[in-house]
Amino acid sequence: MAKLKVVFMGTPDFAVPSLNALIESQEFEVPLVITQPDKPAGRGKRLTPPPVKRFAMEKGIPVIQPEKVKGNQELFETLREISPDFIVVAAYGKILPLELLNIPLIAPVNVHASLLPKYRGASPIQSAILNGEKETGVTIMRVREKLDSGEIYIQKKTPIKDEDTSQTLHDRLSVMGGKLLVEALPRIASGELKPILQNEEEATYCGQIRKEDGLIDWQEPARAIFNKVRAFTPWPSAFTYFNGKLLKITQVKPVDGSCDVAGKVVSVDDEGFTVSTGDGLLKVLKVKPEGKKEMRACDFVRGYRIKEGDVLGGEK
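In this text the structure is predicted, and so the values were computed from the model without any measurement.

(A) Representation of helix α2 (residues 51-58) within the structure. Among all positions of α2, only P51, V52, K53, F55 and A56 are buried. The inward-facing, buried residues of α2 abut β1 (4-10), α1 (16-24), β2 (28-34) and β5 (63-64). Trailing α2 by a residue or two, G60 shows a phi angle of about 75°, which is positive.

Okay, here's the thing in structure tokens:
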């Protein structure tokens, strides 16, 4: 049986397991990878290739990096010459025009890190943790012009555990997405998997996460702050201020108790320090002081002389 021809469009780390799954399977041919242009990164702002480009080049697959997709007739002509069965999109980073979506012989297919129609948009992993969801998953869907609105082919669920951060959930979902993708494509091609319309009334949206979103409001309940710390680890980090300096909070756990003053340090011990919130207490286990490496909160207590009665919050 002839292999299914797949053009892959993706950019960040999340997309790499999907590309790898296609390459390792004996059922697919990947003649081309399309990814975003190299971007400046690090302190030196050196041009850095995206993870998908690096991986594709290691595997010897041709890569193109168009500055724009909409109206790019050269790109469309290249794709028409390849005549792929599928165009697979995994966190490519741009809305794709109808002219491109009409090129694959079977379908343009997307790997999305939520249980659609929940969490359409740019930050489904962080948003699921931030909102205290008990489960999430991956969706293999048909790509339409409207953001994440296409028909659903197949989904797979995974629980969100208290110990999950956006990094651990990202890693788990990215691998799940790759496995589900290579299972789904032959079944889509054969007609076994029928596309199912999303329920628009149940659709929710999540936007880009900004650095300032990580600011902790100690008036919020302990559980909400606990979710924020997990959702914003490793980026952009949940943060507060102590003695006028930024303090990133990287690991916490809710504990029993209460206090009238939100943001007040109510105790210190061998694990770290406990802070009051709008509802409940949070024990801080790991922090990253301004200009320093991440450290255990108990070491921060000793080095920065934080003590019972101190109050976190405010600004620089």
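(B) Here's a closer look at unusual backbone geometry. With an omega dihedral of 15°, the bond running from T233 to P234 counts as a cis peptide bond. Relative to the helices and strands, P234 is located in the loop between α7 (222-231) and β12 (238-242). Residue W235 is joined to P236 through a cis peptide bond whose omega torsion reads 0°. Looking at where P236 falls in the secondary structure, it is placed in the loop between α7 and β12. Despite not being glycine, Y119 has its phi angle at roughly 60°, a positive value. Secondary-structure assignment places Y119 in the loop between β7 (107-112) and β8 (120-121). Given a relative accessible area of 8%, Y119 falls into the buried group. The backbone of D148 shows a phi angle near 50°, a positive value even though the residue is not glycine. Mapped onto the fold, D148 is located in the loop between β9 (135-142) and β10 (152-159).

(C) How the structure looks around the packing of α1 against helix α6 (residues 166-190). Their axes nearest at 7 Å, the elements α1 and α6 cross at an angle of 40°. Judged on the interaxial angle alone, α6 and α1 are oblique. Crossing of α1 against α6: the hand is right-handed. In contact with P17, S18, A21 and L22 of α1, α6 contributes S174, V175, G177, G178, L181, V182 and L185. Here the residues of the contact of α1 with α6 sort into seven nonpolar, four polar and no charged.

(D) Highlighting the side chain of S174. For S174, the position within the fold is in helix α6. Setting aside residues no more than four positions away along its own chain, S174 makes contact with F14 and P17.

(E) Representation of the sheet that holds β7 in the model. As summarised here, the arrangement of the seven strands in space is β5-β2-β1-β6-β7-β9-β10, forming an open sheet in which the pairing is mixed. Each of the sheet's edge strands pairs with one partner strand only, and the pair in question is β5 and β10. Relative to β10, β9 runs antiparallel, the two being bridged by seven bridges. Looking at the pairing, E135 lines up with P159 of β10. Its contacts with the sheet place helix α3 (residues 73-82) against β1, β2, β5 and β6 (86-90), and it is angled at close to 170° to β2.

(F) Region of interest: the side chain of T158. Looking at where T158 falls in the secondary structure, it is placed in strand β10. Residue class for T158 comes out buried when judged on its relative accessible area of 7%. Reaching out from T158, the side chain makes a polar contact with the side chain of R172 at a distance of 3.1 Å. Residues contacting T158, with those up to four places away along its chain left out, are E135, T136, G137, L169, R172, L173 and M176.

Reading the values: rules and limits
- Residues numbered from 1 in each chain as written.
- Predicted model: local features only at pLDDT ≥ 70, side-chain atom pairs only at ≥ 80, totals over all residues.
- Heavy atoms only, no water.
- Buried < 20%, exposed > 50% of the residue type's maximum accessible area, 1.4 Å probe, protein only.
- Helix = DSSP H or I, 4+ residues; strand = E, 2+ residues; numbered from the N terminus.
- Contact = heavy atoms within 4.5 Å.
- Axes fitted to C-alpha atoms, helices over the stretch in contact; angles between N-to-C directions.
- Parallel < 35°, antiparallel > 145°, perpendicular 65-115°, else oblique.
- Left-handed = near helix turned anticlockwise from the far one by under 90°.
- Nonpolar A, V, L, I, M, F, W, Y, C, P; charged D, E, K, R; others polar.
- Pairing = 2+ DSSP bridges.
- Polar contact = N/O pair within 3.5 Å; in protein donor to acceptor, adjacent residues only side chain to side chain.

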